[in-house]
Amino acid sequence: MTQVTRRPPLGEDSASDALAEGTVDAVVIGGGAAGLNGALILARSRRSVVVIDSGSPRNAPAEAVHGLLALDGTPPSEILRRGREQVRQYGGRVVHGEVVSAESAAPSADGDLRFTVTLADGRSITARRILVATGLTDVLPQVPGLAEHWGHSVVHCPYCHGWEVRDEPIGILATGAASIGHAFLFRQLTEDLTYFTHGTDLDEDSRARFAARGIRVIDTPVTEIVNDPDGALAGVRLAGGQVVARRVLAVAAQLRARTQGLEGLGLPVRDLPKGRGFASGVDGATEVPGVWVAGNVTDLVAQVGASAAAGALAGADINRMLAIADTDAALQAIAEASPQAATR
């Protein structure tokens, strides 16, 4: 399988903020929609928050984000640029770097939680709470030429890319059972749809349903992607040498949550129909006290809007728990300063 990761230019606001000294209220690991929206909520609540951004968003190859109300058609890089700008507007910091470790540290004198986050360049920061929003990577079938077209003529989501490829000759390059449902969704967008089983199972009921919708099935494995003289996707070559003309391929890629460097947090993972991600509860809370998760690292199929919303919910819950901790610490300080008052 081919893991697709792209590192685009970070844009005009590429200068990294200084890493905060001392202890901050929250460190957000991941600078995508979920992480930035969580940071925005925290910063607007007057919390000290630092976003660690590796600069490798999953949707970097895409020309635009679609299906997001009021922002449909906006380039992903522009949404992130605005997001970083807005977090900074309220005092939040965005630091470019790769997290290599995150783990619990000794609690504060009043018993509040502490975590240490270390970057690849050796810098580290201490935080009271952590929001993990590292997202995921797409793992594509190892078909020569496939990854080069990812995000353009090789797509994965009918809601993100479907309108833009409507009425084109589309092929479904199957990766497993999930591709069957994929086919019906893309059939809504074109009458010229071919399903390449590519070594996966396709039961007779599904074949009958495909036939009823006019979906052609090809069982011969695909060996490579064929381009036209201009470098655009023109079709696929089969094991027997035949080329089947296609302008678009849809692939239900395996989804892999980005968990590297986070092992020290001990976050539980769960198997999902399309991959593995961190387990989470209400508002992104995890079984590990003081750590929240949001976005594609826990909800593998969430689009930009859903990821941003999840980040906002997590940010609000982090602020709520910090407010409780602040109040507990204030009460403890009063009790320690005046033991007799605390017993009245």
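Described below are features of the structure shown in this document. Since this is a predicted model, take the numbers as computed values, not measurements. (Residues numbered from 1 in each chain as written. Predicted model: local features only at pLDDT ≥ 70, side-chain atom pairs only at ≥ 80, totals over all residues. Heavy atoms only, no water.)

Glancing now at the overall build of the chain. Of the regular secondary structure elements, the chain holds seven helices and 20 strands. Expressed along its principal axes, the backbone C-alpha trace of the chain runs to roughly 85 × 45 × 35 Å. Split into buried and exposed, the 344 residues of the chain put 47% on the buried side. Look at the contacts in the chain between residues 6 or more apart in sequence, and 61% of them connect residues 24 or more apart. Carbon and sulfur atoms provide 51% of the accessible area of the chain, an area that totals close to 16200 Å². Each charge sign in the chain was given a centre, from 31 positive and 39 negative side chains, and these centres are 2 Å apart. (Helix = DSSP H or I, 4+ residues; strand = E, 2+ residues; numbered from the N terminus. Buried < 20%, exposed > 50% of the residue type's maximum accessible area, 1.4 Å probe, protein only. Contact = heavy atoms within 4.5 Å. Areas by Shrake-Rupley, 256 points an atom, 1.4 Å probe, with all protein chains shown as cover. Lys, Arg positive; Asp, Glu negative; His and termini not counted. Charge placed at Lys NZ, Arg CZ, Asp CG, Glu CD.)

What follows deals with the layout of surface pockets. In this structure, the second largest pocket occupies an estimated 290 Å³ of space. Along the walls of the second largest pocket sit 15 residues, with Asn37, Leu71, Ile79, Gly83 and Ala308 positioned nearest its centre. Looking at the lining of the second largest pocket, the elements with two or more residues in it are helix H1 (33-44), helix H2 (76-89) and helix H6 (304-337). Of the residues forming the lining of the second largest pocket, the biggest block, six residues, is contributed by H2. (1 Å grid on protein atoms, 1.4 Å probe; cavity = no way out; pocket = protein on both sides within 12 Å on 5 of 7 lines; lining within 4 Å. Points joined across faces, edges and corners; volume = space filled by probe spheres on them.)

Strand order in the open sheet formed by three strands is S13-S14-S15, and the pairing between neighbours is antiparallel. Single-partner strands in this sheet number two, and they are strand S13 (222-227) and strand S15 (243-245). Neighbour-to-neighbour, the strand axes of the sheet open up by a mean angle of 30°, direction not taken into account. Examined bridge by bridge, S13 and strand S14 (residues 233-238) share five bridges and lie antiparallel to one another. Counterpart to Ile225 in the pairing with S14 is Val236. (Pairing = 2+ DSSP bridges. Axes fitted to C-alpha atoms, helices over the stretch in contact; angles between N-to-C directions.)

Let's shift gears to the environment of Arg256. Relative to the elements of secondary structure, Arg256 occurs in strand S17 (residues 254-257). Take Arg256: its relative accessible area is 36%, and that puts it in the partly exposed class. A C-alpha to C-alpha distance of 28 Å links Arg256 and Leu193, two positions 63 residues apart in sequence.

Now for the sheet that holds strand S10 (residues 170-173). The strand order across the open sheet formed by five strands is S9-S16-S10-S11-S12, and the pairing between neighbours is parallel. The open sheet has two edge strands with one neighbour each: strand S9 (154-155) and strand S12 (216-218). In the sheet, S10 pairs with strand S11 (residues 193-196) via four bridges, with the strands oriented parallel. Note on S11: the bridge partner recorded for Leu173 is Phe196.

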